[in-house]
Amino acid sequence: MQKLTTFFLRCSGADLSILKKCPSETSKYVGIGATIFFTGLFAALSGAYALYTVFDNAWFATVFGILWGLMIFNLDRYIVSSMRKQGKTVSELLMATPRILLAILISIVIAKPLELKIFEKEIEPELVVMEQQKYSEQEAQVRFRFQATQDSIKSAVAVLREEIAAKTSKRDELLRIAREEADGTGGSRKKNLGPIYKIKKADADAAETELIALTTRNEARIREYERSLANSDSLQAHALAKLEQTKLNGPAARMEALSRITEQSSAMAFAHWFIMLLFIAIETAPVFVKLISNKGPYDNLLKVEEHQFVVHEIEELARMNAQAKEKTANYPQHERTFIGTRLDTELK
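These notes cover the structure that comes with them.

The rules behind each value
- Residues numbered from 1 in each chain as written.
- Predicted model: local features only at pLDDT ≥ 70, side-chain atom pairs only at ≥ 80, totals over all residues.
- Heavy atoms only, no water.
- Helix = DSSP H or I, 4+ residues; strand = E, 2+ residues; numbered from the N terminus.
- Rg over C-alpha atoms; globule rule 2.2 N^0.38 Å.
- Buried < 20%, exposed > 50% of the residue type's maximum accessible area, 1.4 Å probe, protein only.
- Contact = heavy atoms within 4.5 Å.
- Areas by Shrake-Rupley, 256 points an atom, 1.4 Å probe, with all protein chains shown as cover.
- Polar contact = N/O pair within 3.5 Å; in protein donor to acceptor, adjacent residues only side chain to side chain.
- Salt bridge = Lys/Arg side-chain N within 4 Å of Asp/Glu carboxyl O.
- Phe/Tyr/Trp six-rings, centres within 6.5 Å; stacked < 30°, edge-to-face > 60°.

**Things to note about the overall build of the protein chain**
Scanning the protein chain for helices and strands turns up 11 helices and zero strands. Reading the helices (α) and strands (β) of the protein chain from amino to carboxyl end gives α-α-α-α-α-α-α-α-α-α-α. Whereas a compact globule of 348 residues would reach a radius of gyration of roughly 20 Å, the protein chain reaches 45 Å, over 25% beyond that. Summarising its shape, the C-alpha atoms of the protein chain cover approximately 150 × 65 × 40 Å along the three principal directions. Relative to its 348 residues, the protein chain shows a buried fraction of 33%. In the protein chain, the share of contacts with a sequence separation of at least 24, taken over all contacts with a separation of at least 6, comes to 76%. Carbon and sulfur atoms provide 62% of the accessible area of the protein chain, an area that totals close to 22,000 Å².

Right, here's the structure in full:
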């Protein structure tokens, strides 16, 4: 237990030599160090999983996860160890605010990959739906690419067939008029094959000739259009056959799937926020513990220790200034005054 305690104390960034003088502070810094350590551990797991979903390589993901965890661990350790208790709530809160914001940002980054792993079973079916939707969109794009050409060909064929139908209808009408003239049921109402009938029969025969010519010409063009349409259908079928259903398995796709699930399910949305708030609480806990705790013996001893360096620095600067002034004792008065003023300014 002593080794574990020492390890967590080192994780907290506390000065062990000062802590030995105030053992009552040990438990506080053990708790802070343990929180920092486990935050780094969570960060390592989170980074490793995120990289595994990208590269699908366990060794690479493990190495990166360890490096990521160490970076977060070191950053958290610095955030906590750089805070100083002064017994002034407002100034300490202002000093802690950027550290808290940074801790929240780190917690969000850590939480997201772990959240994807926690909801993996719910995400997988949504990924299948997204893959099908993506394939349908690609299929619609391919069909749209050929749609204009096919519609144009079908429209041209319809016009040609309407021309044949219109000419056929006109021929039939002229034949009906000639027949009624012949049997006396129409026209002059005289049953004979006289000159009026011959004129009407000639009009019907001319319409028949025109219909045959038009049908021959239009049918040839229709066959050409149908060949073009068949070729377009073949190209479309070939393009559709080349489509592959994209496998969505990356972190971006998983985050999109999780977002869609949380929009559809209030329970998932609550779970998402609970996990996020949990990691924020874990990440910001060391900062808040340092912030809300009273100024203790360790803080006083640390202030004394740091103040010794300040005093030593001032003494050294003063000594060096005095030596410099002694060296310039033989200088003219205006030069001694100038040097003394500059040296005194540096001490302020």
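Still more to cover.
**Some remarks on the environment of Thr168**
Take Thr168: it is sitting in helix α6 (residues 120–183). For the pair Thr168 and Thr215, spaced 47 residues apart in sequence, the C-alpha to C-alpha distance is 9.3 Å. A polar side-chain atom of Thr168 sits 2.7 Å from the main-chain carbonyl oxygen of Ile164.

**Looking at the pattern of salt bridges**
As enumerated under the stated definition, the model contains 11 salt bridges in all. Note that Lys28 is salt-bridged to Glu25, the shortest N-O span being 3.5 Å. With relative accessibility at 9%, the residue Glu25 sits in the buried group. Between Arg143 and Glu139 there is a salt bridge; the shortest N-O distance is 3.3 Å. With a gap of four residues between them, Arg143 and Glu139 both fall in helix α6, about one helical turn apart. Judged by relative accessible area, which is 36%, Arg143 ranks as partly exposed. Each of Arg171, Asp172 and Glu208 takes part in a single network of salt bridges with overlapping partners.

**Here we look at the packing of aromatic side chains**
Taken as a whole, this structure holds seven aromatic pairs when the rule is applied. Both rings, one in Phe7 and one in Phe8, keep their centres 5.6 Å apart while their planes meet at 50°; by these two values the pair is tilted. The exposure class assigned to Phe8 is buried, which follows from its relative accessible area of 10%. Through successive ring pairs, a cluster of aromatic residues spans Phe7, Phe8, Phe37 and Phe38.

**Observations regarding the side chain of Gln150**
Mapped onto the fold, Gln150 is located in helix α6. Of note is the side chain of Gln150, whose polar atom sits 3.4 Å from the side chain of Ser232. Not counting residues up to four positions away in its chain, the partners in contact with Gln150 are Leu229, Ser232, Asp233 and Gln236.

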